[in-house]
Amino acid sequence: MKYIDEFQDPELARRLLDDIRDTVTRPWALMEVCGGQTHTIIRHGIDQLLPDNVELIHGPGCPVCVTPLEVIDKALEIASRPDVIFCSFGDMLRVPGSDRDLFQVRSHGGDVRVVYSPLDALKIAQQNPHREVVFFGIGFETTAPPNAMTVHQARRLGIPNFSMLVSHVRVPPAIEAIMTSPSCRVQAFLAAGHVCSVMGVQEYPELAERFKVPIVVTGFEPLDILEGIRRTVRQLERGEHTVENAYPRAVRPEGNPAAQAMLADVFEVTDRAWRGIGTIPASGWRLSERYRDYDAEYRFSVDGITTREPAACRSGEVLQGLIKPHECEAFGATCTPRSPLGATMVSSEGACAAYYLYRRLGIPSTPQEASPVA
Ligand code: SF4
């Protein structure tokens, strides 16, 4: 398929790998920030094709995985109410809360619906004026603009029965948190191309300079990843630490100003807890004061939630790149995509799901387990 096949060309991949091998003289540890990049790497075995002294550390860039347990539990509480139609993207339905997931809420009579756009949820609100319609708005800078635009639209059209449960996160503060962690081994970053297509690259030079790390904006196909790695190790070997854009077909330096303006209008920056990691200052967005009427956390009284993480789940260590998924004792045993203990085994961008799907590591294959999310 044009535009996909050309970024999976085996001959070009071989040349990029040769270039990387010729460049590298000592060990380097790079972090790919985005879970979509992790899936490409594991699916195509890119980490196994690299020289032994180039390690890829999987980053926390999976939106489903880092949504805090408290917010999941709030979603479960709101979705259980008889007057509520709860709308979400499909990959949130199997994410385990403290004692159940959205599938279980639905099986007990909750009106939980899968939508493909926040605007679908807004339409449901218009069609059901006597019900409360709540959309679960999570994700990074990529999903935040359409969610912001939907809240803006709800306010403009005066749709009173629509609200959003918001848990958005931002990449640059996460990079800062990773680099200031005492256990940090990361020496360079492959930045997430789709995030930069929205936000541009303006936020990265200061981070590259402060932490002396190369940051290379990278796409999602195998050749994109290899080119990102090639540029990153070239900088590391030269002792450089600049921001490079290796994904110019999608990323302009200034990003998408219209999307940024919508974000600035609807959201305000806030501290945000990341599941398994903890609170990172200024790492999230919430609805601003002007849009508070559309904030489901304010509309529904869901305070006082006590969360319980399964003790066996080490997804926090996976998300910080401290262990690989198969090093978790529960991997493939008590934790599988059909019966996940942590969100990293559920999400289509989760590292545990990637290792389970593409690198079974001795786990017997069963057809029922072939898909991470039903
Ligand atoms: S394999 Fe399962 S239990 Fe282990 S870290 Fe991943 S999600 Fe958690």
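In the annotation of an unreviewed UniProt entry, the entry for the chain reads Hydrogenase formation protein HypD, and the organism field reads Streptomyces kronopolitis.

Undergrad: Requested: an account of the pattern of salt bridges, with residues and values cited.
TA: Applying the stated criterion across every chain yields a total of 32 salt bridges. In this structure, Arg 230 engages Asp 19 in a salt bridge whose closest nitrogen and oxygen atoms are separated by 3.5 Å. Here the residue Arg 230 occupies a position in helix H12 (residues 222–238), and Asp 19 occupies one in helix H1 (residues 10–23), the gap between them amounting to 211 residues. The partner of Arg 292 in a salt bridge is Glu 268, and the shortest N-O contact between them spans 3.3 Å. Of this pair, Arg 292 sits in the loop between strand S11 (278–287) and helix H14 (296–299) while Glu 268 is found in strand S10 (residues 267–274), placing the two residues 24 residues apart along the sequence. Residue classification places Glu 268 among the partly exposed positions, given a relative accessible area of 26%. Linked by salt bridges that have partners in common, Asp 19, Glu 227, Arg 230, Arg 231, Arg 234 and Glu 244 make up one network.

Undergrad: Which residues make up the domain arrangement of the chain, and what values go with them?
TA: Each assigned domain of the chain is listed here: domain 1 (2–63 + 178–245), domain 2 (64–170 + 255–300) and domain 3 (315–358). The distance between the C-alpha centroids of domain 1 and domain 3 comes to 22 Å. Counting residues at the interface gives 20 residues for domain 1, matched by 15 residues for domain 3. With both sides pooled, the region where domain 1 packs onto domain 3 buries about 1,300 Å², and carbon together with sulfur makes up 60% of that total. Of all residues in domain 1, His 39, His 58 and Cys 62 bury the most surface against domain 3, accounting for 41% of the area lost on that side. On the surface where domain 1 and domain 3 come into contact, there are one salt bridge. The shortest N-O distance in the salt bridge between Lys 324 and Glu 55 comes to 3.4 Å. At the surface where domain 1 touches domain 3, the tally comes to six residue pairs in polar contact (both at pLDDT 80 or more). Mapped by element, the contributors of at least two residues to the side of domain 1 that touches domain 3 are strand S1 (28–34), helix H2 (35–43) and strand S2 (54–61). Per element, the largest residue contribution to the side of domain 1 that touches domain 3 is seven residues, and it comes from S2.

Quick notes on the rules
- Residues numbered from 1 in each chain as written.
- Predicted model: local features only at pLDDT ≥ 70, side-chain atom pairs only at ≥ 80, totals over all residues.
- Heavy atoms only, no water.
- Salt bridge = Lys/Arg side-chain N within 4 Å of Asp/Glu carboxyl O.
- Helix = DSSP H or I, 4+ residues; strand = E, 2+ residues; numbered from the N terminus.
- Buried < 20%, exposed > 50% of the residue type's maximum accessible area, 1.4 Å probe, protein only.
- Domains from an automatic or database assignment.
- Contact = heavy atoms within 4.5 Å.
- Buried area = accessible area lost by both parts, 1.4 Å probe.
- Polar contact = N/O pair within 3.5 Å; in protein donor to acceptor, adjacent residues only side chain to side chain.

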